[in-house]
Amino acid sequence: MNISPPEAVKATFPGGTFEPKPTDWFAYPPEYAILDVVSRLSKRYNVTEGRVSIPQPQRSLSSFTGTANGTEFGLFVYPNSTAAKEAMNHVVELLQGDGFQRGDDIFWEKGNETYLVFLFYERYFYVLSVARTAGGSAEERREHLSEFLESAIAYGPSPGKVLGPFLQVKVIAENWSEERGLKFSGYLDALEGKVKGTNVSAVFLVYRPGEGREVYLQLKEAFLRNGWVEGEYINTNTRGPVGSVMAGDYFEANGTGTYIELARITGLERVALLLGKSGDVKAIVNDMWSEGDPTEGLSFERGAEVPGGVFRPVSERGVRPETVISRVLDDLRKDFNITADFVEIPDVPAAAWYSGRTDDVEFMLLVYPNATAYLKALDELTEKLLAEGWERTDDGREPYARTFARDSDTLTAFVQYRYNHYLAIVIKKPRYSTSDFFWHVVGTGGASPGALLSFGKLRNDVRPWNWTEKVGLRFEGYIYKLEGNASGDTKAVVLFYPARLGMEVYFQLKKAFLETVWVERDYVELPSHDERRHLVANDLFEKNGEAVYIEISTYGDMDVLILLYGDKPGVKTSARAMWR
């Protein structure tokens, strides 16, 4: 499907500088990179901090100089590979000016002195290592400095590997982006050129966690603002051995295809931009990932209003229900003597359960996939308790907790979010029991369902009303769901999923809308994060005067998926309102 921009809008190639917000040095302290390297060196050498006579580069974020068993050295931290390479070149120029000549690769030599000048990645930064030794033969000095370097480096994932062995396509280096008016900044490392065997221009940039998504969102806005249109879903697989796609968009204009992508690779974020003939770009995207199609088996129909179908994650939750119970019990057994046993608490359905006793307390642990399933079981438990002569004693203000009394006993039911599930705790004990078992469980647990929406923007802006199934939209596999009306007549549904599972549903929705002739040609500008959520991707689709907005963001160890439907002005207003 080839969607062109409206005749009145002439698409142009976007220009400008794309960069994340300034790095939060409290979140990423550069001195930690120094501490890690010094700690490794100290396992082999007697490291002493002090002044040394070696060339020292400028503008480092943090530095350390000293000796290691007599070897003088300096460590200098830089925010990215570009700044680090400039600093390394400056050190090399100083050495050359002092008469040193390149020896074997990373070594510089003059007389009986040898310098090592080497750059490596360490904890979201680049460290320039400059070390000096004298005496002995050149071979002995090189061996000594090689051992020093071996002790300093930690081998593992790095931006260089993200752009090297972890990159599924071969790029022939060529600077083209600035000629087209594109400038990138704030990245750890970058690679640009032509994809081998094609005429497709490519840029791949590696960022710290959270920073790549800001650049991706800026790029998406720029293309849409300049008349490019997204009308086709081209992603198939979205995972590989070392990473996964977080978001991707394919735009067309003036016979040219552009694909932008945000991916998570070994804990870093990679932004990709491909530009070229439509067929070539699509083929490259297909080659970039080898497994994990989140839309596999997805079936949907056009529907009178929105695409109808069942949207659910294709991956399993990271923790099984039985594992939730075993982990909780392991923690409880540190403080309580627990015995598995049948208890006088009515049975109710659950994904997994456990019953037992501790002192004068009888209890049940029950695991549910979401709050809806728990509330249904809670209603069934309430009916059975009332039938057995128990009296409800709570005031009903807290929908997820209930208390009961009968004769000299009390019973309490409560639920918490734990390990991608809801864990219900039902406790029966004598009225005057002094056991703190219940409060221990609650105090060591996670958030309650209500706390998930404690940022009132969502809860206050959505007036409850079940509308999704009436238009054919059905969701499964979520942790928590809120649906209703947002601003004006805009319909809204907010769903919480375990981490990365919500993204699978986001891809499914995106495919369903694009393949039922909805298109994206406008953008809702939002902040990249608020006090709890971090935006990953969003889309504003249009068809026949109606609009649909879908958004995926992260919230702790969960994904938050939002879908808004109605007239375009109302949908855009509601989308912004949820991030005020």
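Residues numbered from 1 in each chain as written. Predicted model: local features only at pLDDT ≥ 70, side-chain atom pairs only at ≥ 80, totals over all residues. Heavy atoms only, no water.

A.B. asks: Can you break down the nonpolar core residue by residue, with the values?
C.D. replies: Judged by nonpolar contacts, the single largest core of 147 residues is most densely connected at Phe184, Phe204, Leu274, Phe475, Leu509 and Leu563. In terms of residues, this core owes the most to one element, helix α12 (residues 501-514), which gives 9 residues. Residue contacts for phenylalanine 184: discarding those within four places in its chain leaves Phe18, Ser177, Val203, Leu205, Tyr207, Val215, Leu219 and Leu273. If you look at the next biggest cluster of nonpolar residues, it comprises 25 residues, including Tyr28, Val47, Leu75 and Leu149. (Core = buried A, V, L, I, M, F, W, Y, C linked by side-chain atoms within 4.5 Å. Buried < 20%, exposed > 50% of the residue type's maximum accessible area, 1.4 Å probe, protein only. Helix = DSSP H or I, 4+ residues; strand = E, 2+ residues; numbered from the N terminus. Contact = heavy atoms within 4.5 Å.)

A.B. asks: Provide a residue-level description of the packing of aromatic side chains, including the pertinent values.
C.D. replies: A complete count under the given rule lists 27 aromatic pairs for this structure. When the centroid spacing of 5.2 Å and the interplanar angle of 85 degrees are considered together, the rings of phenylalanine 100 and tyrosine 115 count as edge-to-face. Of this pair, phenylalanine 100 sits in the loop between α2 (81-97) and β5 (101-102) while tyrosine 115 is found in strand β7 (residues 113-122), placing the two residues 15 residues apart along the sequence. Ring geometry for tyrosine 368 versus tyrosine 374: centroids 6.0 Å apart, planes at 65 degrees, classification edge-to-face. As far as the burial class goes, tyrosine 368 and tyrosine 374 line up, both buried. (Phe/Tyr/Trp six-rings, centres within 6.5 Å; stacked < 30°, edge-to-face > 60°.)

A.B. asks: Can you lay out the sheet that holds strand β17 (residues 300-301) for me, pointing to particular residues and giving the numbers?
C.D. replies: Within the open sheet, the 3 strands sit side by side as β17-β18-β27. Their pairing is mixed. Among the strands making up the open sheet, the edge pair consists of β17 and β27 (473-475). Relative to β27, strand β18 (residues 308-311) runs parallel, the two being bridged by 3 bridges. Within β27, the residue paired with glycine 309 across the bridge is leucine 473. Lying on the sheet, α12 is in contact with β17, β18 and β27; it crosses β18 at an angle near 165 degrees. (Pairing = 2+ DSSP bridges. Axes fitted to C-alpha atoms, helices over the stretch in contact; angles between N-to-C directions.)

A.B. asks: Which residues make up the pattern of salt bridges, and what values go with them?
C.D. replies: Counting across every chain of the model gives 36 salt bridges. Between lysine 220 and aspartate 249 there is a salt bridge, with the nearest N and O atoms lying 3.0 Å from each other. Here lysine 220, found in helix α5 (residues 212-225), pairs with aspartate 249, found in strand β14 (residues 243-253); they are 29 residues apart in sequence, far enough to count as distant. For the salt bridge of lysine 220 with glutamate 520, the shortest nitrogen-to-oxygen distance reads 3.3 Å. Taken together, the residues lysine 220 in helix α5 and glutamate 520 in strand β30 (residues 519-520) connect sequence positions 300 residues apart. Each member of the pair lysine 220 and glutamate 520 is classed as buried. Via salt bridges that share partners, Lys220, Glu230, Asp249, Lys510, Glu520 and Asp539 belong to a single interconnected network. (Salt bridge = Lys/Arg side-chain N within 4 Å of Asp/Glu carboxyl O.)

A.B. asks: Just give me the short version of the environment of phenylalanine 73, but keep the residues and values in it.
C.D. replies: The residue phenylalanine 73 is located in strand β4 (residues 71-78) in this model. Taking the C-alpha atoms as reference points, phenylalanine 73 and proline 55, 18 residues apart in sequence, are found 9.8 Å from one another. Among residues more than four places away in sequence, those in contact with phenylalanine 73 are Leu41, Val47, Val52, Ile54, Phe64, Thr65, Gly66, Thr67, Ala68, Val130, Ala131 and Phe148.

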